[in-house]
Amino acid sequence: MALAKDRFITLDIFRGMTICFMIIVNAPGSGTVQWAPLDHAAWFGFTPTDLVFPSFLFAVGNALSFSKNKFESNSAFLRKISKRTIIIFLLGYLMYWFPFFHREAGSWAFNPLANTRIMGVLQRIAICYFFGSLIVHYCSKRTAVIISVMLLLGYWVFLLLLGEPGKELTMLGNAGTRLDILIMGNAHLYHDKGGPIAFDPEGLLSTLPAIVNVIAGYLAGTYIQRKGRNFESVANLLIAGACLIGIALFWAQFFPLAKKLWTSTFTLLTIGIDLVIIGVLIYVIELKNIKRGTNFFLVFGRNSLAIYLLSELLFTVISTLWVKPGLSFYDWINQVFYQPLFPGAFGTLVFAVSYMMLCWLVGYIMDKRKIYIKI
């Protein structure tokens, strides 16, 4: 029992690290150029920020490895994952609709459902969780690997064959954007800074390779449970991670890394890095028993989705409330405090860390009061 408990702690730490950095990258300060590592790659390429979301999907799959055999029947399993999928998806949809009103000509106007984004971060988590759960529950590990390979290669083929000729990997010419506009319509996609260009980085087609991140997390979790916490398992995780990183970088010469397209090479690269991180965490926390500072991340890990949802909603509130006409509280506090004290890009980092600490404080209070919200 102690072994299982420790392994859950390691998973909570990994998930907590992911949520911590998710909040930091989603809430940078304003008033100047954003600190580059806090921003996603403009299109092709890779930054530390690009690792955050796929790492959470990896953690979702890792958690599945502990819960697969806890269902009494197939009907109980389907009820559980369907209910959780619907709840997470609806929470994501409501989060983008929130605060349900906006300022227009000095007064408040209702945000129509016709302009509400359908897909998003939580929605992708819900879909990947659902299909990832089905695959790992009903298929053998070998079949899950085969399905993963088919998803990665199939997505590459879809983009090459169904995109606009000559623009297959561009923002508006890729097959995913064309499919999203066809099925959901322009108004229901993501519009960066409210602009006219509709492109959803969490679109329907690009969700296919993201499912592989969940499957990989599951396979890593089952491997760790089967082999145990020892130097051999850590070494194999590191070797597997290094191999996937190498494959991704080689394949990227033909199919570039792009988080916003969630290319198959991006999937393999992030899985490889996550395997290395998990291996290092097991070595440090479980084999070397170095746990100083881990409680900080456990606060996030124990209420991961709840704290993430809080961070997004609170950020929307401070970005919506005006200190004076045309100046939100978010921009105001950066203008009068963060930028004067920490000029330039460093100020955006300090604000992001400060905001993360505020969310951590809420999580800390919840943890102390044993309040754990399982979504």
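Because the structure is predicted, anything quoted here is derived from the model rather than measured.

Novice: Any details on the pattern of salt bridges? Residues and values, ideally.
Specialist: Inspection of the entire model under this criterion finds 6 salt bridges. For Lys167, the salt bridge identified is with Glu164, shortest N-O distance 3.8 Å. Since its relative accessible area comes to 42%, Lys167 is described here as partly exposed. Salt-bridge contacts for Asp367 lead to Arg302; the nearest nitrogen and oxygen are separated by 3.1 Å. Taken together, the residues span a long stretch of sequence, with Asp367 in helix H13 (residues 345-368) and Arg302 in helix H10 (residues 294-302) at a distance of 65 residues. Overall, Arg302 belongs to the partly exposed group, its relative accessible area being 26%. Within the structure, one salt-bridge network assembled from shared partners comprises Arg117, Asp200, Glu202 and Lys259.

Novice: So what about the confidence of the model for the protein? Which residues, and what values?
Specialist: Averaged over all residues, the pLDDT of the protein equals 87, while 93% of them reach at least 70. Here strand S1 (residues 101-104) stands out as the least confident element of the protein, with mean pLDDT 64; helix H5 (residues 141-162) is the most confident, with 95. Within the model, the stretch residues 1-7 combines pLDDT values under 50 with 10 contacts to residues more than four positions away or in other chains.

Novice: Kindly report on the environment of Ser65, identifying the contributing residues and their values.
Specialist: For Ser65, the position within the fold is in helix H2 (residues 52-67). Taking the C-alpha atoms as reference points, Ser65 and Pro201, 136 residues apart in sequence, are found 28 Å from one another. Excluding anything up to four places from it in sequence, Ser65 contacts Tyr218, Gly221, Thr222 and Gln225. A polar contact is formed between the side chain of Ser65 and the backbone oxygen of Asn62, at a distance of 2.5 Å.

Novice: Describe the environment of Phe46, and please don't skip the residues or the numbers.
Specialist: Within the fold, Phe46 resides in the loop between helix H1 (2-26) and H2. Take Phe46: its relative accessible area is 30%, and that puts it in the partly exposed class. Sequence separation between Phe46 and Ala258 is 212 residues, and the spatial gap between their C-alpha atoms is 7.1 Å. What Phe46 contacts, discounting residues up to four positions off in sequence, is Ala41, Leu51, Leu257, Phe266, Leu269, Thr270 and Ile273.

Novice: Summarise a nonpolar patch on the surface; cite the residues concerned and give the values.
Specialist: A grouping of Leu321, Val323, Phe329, Trp332, Val336, Phe337 and Leu341 is seen on the molecular surface, where their side chains present a nonpolar patch of about 620 Å² in accessible area. Tallying contributions element by element places helix H12 (residues 329-341) first for the nonpolar patch, with 5 residues. Tracing the backbone through its elements, the reader meets Trp332 in helix H12.

Novice: Can you break down the packing of H5 against helix H6 (residues 175-183) residue by residue, with the values?
Specialist: When two helices pack together, you describe them by how their axes are tilted relative to each other and by the distance separating the axes. Look at H5 against H6: their axes get within 8 Å of each other, and the N-to-C directions meet at 80 degrees. With respect to H6, the element H5 is oriented roughly perpendicular. In this structure, H5 contributes Phe158, Leu159 and Leu162 to the contact, and H6 contributes Ala175, Gly176 and Arg178. Looking at the contact of H5 with H6 residue by residue, the class counts come to 4 nonpolar, 1 polar and 1 charged.

Novice: Pulling in residues and values, what's your account of the state of the cysteines?
Specialist: The full count for this structure, using the stated rule, is 0 disulfides. With no disulfide partner, Cys359 has as its closest neighbouring cysteine sulfur the one in Cys20, 10.0 Å distant.

Novice: Got a sec to walk through the environment of Ile333? Specific residues and values, please.
Specialist: Within the secondary structure layout, Ile333 lies in helix H12. The class for Ile333 is partly exposed, based on a relative accessible area of 21%. A sequence separation of 188 residues divides Ile333 from Val145, and the C-alpha atoms of the two residues are 49 Å apart. Ile333 has contacts with Tyr338 and Phe351, leaving out every residue within four places of it along the chain.

Analysis parameters
- Residues numbered from 1 in each chain as written.
- Predicted model: local features only at pLDDT ≥ 70, side-chain atom pairs only at ≥ 80, totals over all residues.
- Heavy atoms only, no water.
- Salt bridge = Lys/Arg side-chain N within 4 Å of Asp/Glu carboxyl O.
- Buried < 20%, exposed > 50% of the residue type's maximum accessible area, 1.4 Å probe, protein only.
- Helix = DSSP H or I, 4+ residues; strand = E, 2+ residues; numbered from the N terminus.
- pLDDT = per-residue confidence, 0-100.
- Contact = heavy atoms within 4.5 Å.
- Polar contact = N/O pair within 3.5 Å; in protein donor to acceptor, adjacent residues only side chain to side chain.
- Patch = residues over 30% accessible without salt bridge, like charges linked within 9 Å, V, L, I, M, F, W, Y side chains within 5 Å.
- Areas by Shrake-Rupley, 256 points an atom, 1.4 Å probe, with all protein chains shown as cover.
- Axes fitted to C-alpha atoms, helices over the stretch in contact; angles between N-to-C directions.
- Parallel < 35°, antiparallel > 145°, perpendicular 65-115°, else oblique.
- Nonpolar A, V, L, I, M, F, W, Y, C, P; charged D, E, K, R; others polar.
- Disulfide = S-S within 2.5 Å.

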